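# A closer look at the structure
These are the residues of each chain, in order.
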Amino acid sequence: MLRPEEVTSAIQKEIEKYDTKLKMESVGYVLQVGDGIARVYGLEDVMASEMVEFPDETKGVAFNLEEDNVGVIIMGPDQGIKEGDVVKRTGKIIQVPVGDALIGRIVNPLGEPLDGKGPVVTKKTRPLETVPPNVVGRQPVKEPLQTGIKAIDSMIPIGRGQRELIIGDRQTGKTAIIIDSIINQKGTGVLCVYVAIGQRLASVVALSKTLEKYGAMEYTTIVVASSEDPAPLQYMAPYAGCAMAEEYLYNGRHALVAYDDLSKHAQAYRQLSLLLQRPPGREAYPGDVFYLHSRLLERAAKLRDDLGGGSLTALPVIETQAGDVSSYIPTNVISITDGQIYLEADLFYSGVRPAINVGLSVSRVGGNAQTKAMKQVAGMLRLSLAQYRELAAFAQLSTDLDQATKDQLTRGERMVEILKQDLFQPMPFAQQVIVIFLGIQGYLDDIALAELKQFEKEFLAFMEKQYPDVEHEIAKQKQITDEVKKKLDQAASQFKQKFLTEKR
């Protein structure tokens, strides 16, 4: 038989256990939607850059906080969102997954996989936007980041922690420089992030196949916001790539991040800004388009040793129209970066590849990061090439040239020839030094231009066989000692004699 006190105590216990799960949720309602933008009424306490969620689970980001509504950019297709839909706050500022789980993967700017290899398993996230390290937390750029491209490592060197702009018209080899640089990081401990903004998916697939072929996907992450993706994803992509690379920077590791390209990024941002009715400025870009790129590129740094000594090197790309470097976005980015590699269409079509214009290209800090060996051989290279360009233009007008001018033209032609390099064949630093040494010391002056490539190839093979210690010594000592110079001179004379005899 049930006793009343038992029943009451049981009910009392249940009442004590009962906990009201009442929680306040800030919601808003879609007023208008289209072109990747939603205007939302309500959401009074939403934060700037906070993630919000639509009924079809599409994410959005609070972009414009206005008096009577919130402008939300939609991170995905907007077809499933309609007027009157409820929009919920998530309480989180926009962030992306980071960590080693992303190495070797192809993801979109939200960190969602696009390569069909299953989910990205990582609990770590980083906010999309962070405050860059201040002046006190940084140290000067003093460690080289070898690209494996002779013309760059000798004349426009890049150091770890530097921001070097790659600028030129379309189809002049900008992406090729990035691919070579990524392939050359194999075995150096530098982790790479390649951000493709507004490119065709076919090109990104081809790029990932190339990296896979050369074993570079083992340390590379590709972040893709293709031309088919909505403008909000293209706008987010470089910041997402930067956040992923920062995870390595702040853990004492080294990272290289390439943004390909920031012209399309600025266009995506212009589209969002105009749709949100922000006032347009020059070329219809909003007034803060400078800040758009400066806050991104300022995050590249070389940290102090007591903060881990990590580095983040940035290679932004800008596409010019008909070589116009003085238009709005190119001048902005040139003024933010620590130098630029300017690629010229005329050089490219005349067979000089990489098509680097030595006169307009500069590295503002990389010289400090250049190894002594490279400085010893390439110190005068830039100057002599610039002089050669001037002389070559002058020599077209004049027929009778004195011997000194002829010699300078001969030397210049040889230097231009040996700085040419095939695609996806980055060269180890010591070999670059040896090849440039040959040119600077005049060993190539009487070799026919057509035979230079063969001479270079056979000479390096000869060095490996007969003088294997020279390359090892240069790589280890990072300078050309008198002893090494003597051996190089000896080897060059020996091989040249043999080479010319065979040719005759």
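Residues numbered from 1 in each chain as written. Predicted model: local features only at pLDDT ≥ 70, side-chain atom pairs only at ≥ 80, totals over all residues. Heavy atoms only, no water.

## Here's the deal with the pairing of strand S13 (residues 254-260)
In plain terms, the rule: In this scheme, a residue with accessible area under 20% of its type's maximum is buried, one over 50% is exposed, and one in between is partly exposed, where area comes from a 1.4 Å probe on protein chains only. A helix here means a DSSP run of H or I that spans at least four residues, while a strand means a run of E at least two residues long, and both kinds are numbered starting from the N terminus.
Taking burial as the measure, the 7 residues of S13 include 7 buried ones, the bulk of the element. In S13, alternate side chains face the same way, and those of His254, Leu256, Ala258 and Asp260 on one face and Ala255, Val257 and Tyr259 on the other are all buried.

## So, a nonpolar patch on the surface
Stated precisely, the cut-off is as follows: Residues qualify for a patch when their relative accessible area is over 30% and they have no salt bridge, like charges being joined within 9 Å and the nonpolar side chains of Val, Leu, Ile, Met, Phe, Trp and Tyr within 5 Å. Calculation of accessible area relied on Shrake-Rupley with a 1.4 Å probe; when residues are assessed, cover is drawn exclusively from the protein chains displayed. Within this document, salt bridges are pairs made up of a side-chain nitrogen of Lys or Arg and a carboxyl oxygen of Asp or Glu, the two lying within 4 Å of each other.
On the surface, Tyr29, Leu31, Tyr41 and Val86 cluster together into a nonpolar patch covering about 370 Å² of accessible area. Here Leu31 is to be found in strand S1 (residues 27-34).

## Overview of unusual backbone geometry
Asp261 follows Asp260 through a cis peptide bond whose omega is 5 degrees. Among the structural elements, Asp261 can be located in the loop between S13 and helix H6 (262-275). Omega for the bond connecting Arg353 with Pro354 falls within 30 degrees of zero, at 0 degrees, which places this linkage in the cis form. If you trace the backbone, Pro354 turns up in the loop between helix H9 (345-349) and strand S17 (362-363).

## Re the state of the cysteines
What is meant by a disulfide is a covalent connection between two cysteines, made through their sulfur atoms. We count it as follows: By convention in this document, the label disulfide applies to cysteine sulfur atom pairs within 2.5 Å.
Enumeration over the complete set of coordinates arrives at 0 disulfides. Cys192 carries a free sulfur, and the closest cysteine sulfur to it, the one in Cys242, is 14 Å from it. In this structure Cys192 comes out as buried when scored by relative accessible area, which is 1%. Its relative accessible area of 0% is what places Cys242 among the buried residues.

## Side note on the packing of aromatic side chains
To keep things clear, this is the line we draw: In this scheme Phe, Tyr and Trp rings, the latter by its six-membered ring, pair at centre separations within 6.5 Å, and the angle between planes marks the pair as stacked below 30 degrees, edge-to-face above 60, and tilted otherwise. A ring is considered to have a charge above it if a Lys NZ or an Arg CZ atom is located within 6 Å of its centre and within 35 degrees of its normal.
All told, the structure shown has 15 aromatic pairs when counted by the stated rule. The rings of Phe455, Phe459, Phe462, Tyr467, Phe495 and Phe499 are connected pair by pair, giving a single aromatic cluster. Just above the ring of Tyr285 sits the side chain of Arg270; from NZ or CZ to the centre is 4.2 Å.

By themselves, these observations are geometric and do not establish any function.
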